[in-house]
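# A look at the structure
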Amino acid sequence: MNDLYIGMMSGTSLDGVDAVLVRFDEAGRPELLADHALPYPARIKADVLALQPRGHDELHRSETLANSLADIYAQTVGELLAKSGLQADAIRAIACHGQTIRHAPQDGYTIQLGNMSRLAELSGIDVIADFRSRDVAAGGHGAPLVPAFQQSVFASPDEKRVILNIGGISNLARLHRDQPAIGFDCGPGNMLMDAWCLRHTGQPFDEDGSWAAGGNIHAPLLAAMLAEPYLQHPPPKSTGRDLFDDAWLAAKLAAQQSMPAAQDVQATLLAFSARCIADAILAHCPGNQAVYVCGGGARNSALLAQIARLLDGQRVLPIETLGMPAQLIEAIAFAWLGWRFVHRQPGNLPAVTGAQGPRILGVLHPR
């Protein structure tokens, strides 16, 4: 059986698709062979955002978007294979996360869009997808799923560590030698900062946090954001754009006695993301020694500096210190989930998601 898998991730940041080519050994340990990224066209990003709230003609719009996403995923696979010099028949399976448009585990469902039958048809490769739904069916949140992978590759007998992913939403995995692994969504990562930056500067993100660094934190706005009840809920828990969207921020701003300057809002959003992360680590990871950061937020030095100050004494380091590239951890993790599916092994950690027990995750779409 081929031991080569393609993992694909398109997350809440909506910047595009990350794909990796991974070889697994018999124990499921990954070796990254190649990677490729394809940015979303502006039209795709707009269509995804338009489907986040309930609206007119949702079924038709979601299905046509699913087709468009499949086309982008297929293009990404084709370009990755060309870069690698491989043919489709060398790949055991594509493990594709899809694009989340609605996450409602409290109502028993989560939706990751992408016409995976179309992707299988276009790529000529088996596709494994819909990884979250089985965990939700078992009473879990279906998220986060990456901590199971992180435990398998990053746990240390010598160090109490947290693996922190800062994507659109931030999430962490606690890997302490004397405690069971847990993981959960802390709150917003880049999502609110990116949207505000785009609106007021025309740039898709605040490079290195430089715009935020020139502003002043607006204390009443920060306090209002930190009062969000989700932040006080104990894990297991998960969140996304269904809560922390533009309307959420607009409501917090509208409640202020005076509107802060745009740059000050950016500074406050950065402080908010840092507090969500640091408060979660301090509350749920006592005695932690080091935080290893992956995801797009790993490139935001202003954000990492604030997190480090708040954690006072804990080392905050890039995930590359542990031998994997920060931007690709989630894509590699989904390749690993695909490997687990093929080998009929559970992919969730019930202590993380709240599911009733371990479950094999995913749905197969044969080529």
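Residues numbered from 1 in each chain as written. Predicted model: local features only at pLDDT ≥ 70, side-chain atom pairs only at ≥ 80, totals over all residues. Heavy atoms only, no water.

Going by the annotation in an unreviewed UniProt entry, the name recorded for the protein chain is Anhydro-N-acetylmuramic acid kinase, with Chromobacterium amazonense given as the source organism. As stated in UniProt under Catalytic activity (unreviewed entry), the record for the protein chain gives "1,6-anhydro-N-acetyl-beta-muramate + ATP + H2O = N-acetyl-D-muramate 6-phosphate + ADP + H(+)". Word for word, the UniProt comment on the protein chain under Function (unreviewed entry) is "Catalyzes the specific phosphorylation of 1,6-anhydro-N-acetylmuramic acid (anhMurNAc) with the simultaneous cleavage of the 1,6-anhydro ring, generating MurNAc-6-P. Is required for the utilization of anhMurNAc either imported from the medium or derived from its own cell wall murein, and thus plays a role in cell wall recycling." (UniProt positions renumbered as here; feature names shortened; annotations may be inferred.)

### Some remarks on the sheet that holds strand β2 (residues 16-24)
Either a parallel or an antiparallel arrangement is found when strands of a sheet pair, and the pairing is made through backbone hydrogen bonds. The strand order across the open sheet formed by 6 strands is β3-β2-β1-β4-β7-β13, and the pairing between neighbours is mixed. Across the chains shown, the open sheet's two edge strands, defined by having one partner strand only, are β3 (30-39) and β13 (363-365). For this sheet, the mean inter-axis angle between neighbouring strands, taken without regard to orientation, is 20 degrees. Note: strand β1 (residues 4-9) against strand β4 (residues 93-96), 4 bridges, orientation parallel. If you follow Met8 over to β4, its bridge partner there is Cys96. (Pairing = 2+ DSSP bridges. Helix = DSSP H or I, 4+ residues; strand = E, 2+ residues; numbered from the N terminus. Axes fitted to C-alpha atoms, helices over the stretch in contact; angles between N-to-C directions.)

### What about the nonpolar core?
Within the largest apolar cluster, 44 residues are counted, with the highest numbers of intra-cluster contacts made by Leu164, Ile166, Leu172, Leu269, Phe272, Ile281 and Ile307. Look past the residues within four positions of Leu164 in its chain and what remains in contact with it is Asn171, Leu172, Ile277, Val291, Tyr292, Val293, Cys294 and Ile307. Core analysis: the second largest hydrophobic core is formed by 39 residues, Met9, Phe131, Ala181 and Ala333 among them. (Core = buried A, V, L, I, M, F, W, Y, C linked by side-chain atoms within 4.5 Å. Buried < 20%, exposed > 50% of the residue type's maximum accessible area, 1.4 Å probe, protein only. Contact = heavy atoms within 4.5 Å.)

### So, unusual backbone geometry
The residue after Ala143, namely Pro144, is reached through a cis peptide bond having omega -15 degrees. Positionally, Pro144 belongs in the loop between α4 (133-137) and α5 (146-154). For the bond from Pro235 to Pro236, the omega torsion is 5 degrees, close enough to zero to count as cis. With respect to the element layout, Pro236 can be found in the loop between α8 (219-226) and α9 (246-254). Backbone geometry at Asp57 places phi at a positive 55 degrees, although glycine is not the residue there. Topologically, Asp57 is positioned in the loop between α1 (42-51) and α2 (58-84). Taking relative accessible area as the criterion, Asp57 reaches 38% and is therefore assigned partly exposed.

### Thoughts on the pairing of strand β9 (residues 169-175)
Counting buried residues along β9, 7 of its 7 residues qualify, which places the element largely inside the surrounding structure. A two-sided burial pattern is seen for β9, the buried positions comprising Ile169, Asn171, Ala173 and Leu175 on one face and Ser170, Leu172 and Arg174 on the other. The pairing of strand β8 (residues 161-166) with β9 spans 6 bridges and is antiparallel. Considered in β9, the bridge of Asn165 is made with Asn171. Taking the residues between adjacent antiparallel strands as the criterion, β8 and β9 are bridged by 2 residues. Here β9 runs beside strand β10 (residues 182-188); their pairing, made up of 6 bridges, is antiparallel. Looking across to β10, one finds that Arg174 is bridged to Ile182. Adjacent in sequence and paired antiparallel, β9 and β10 are bridged by 6 residues.

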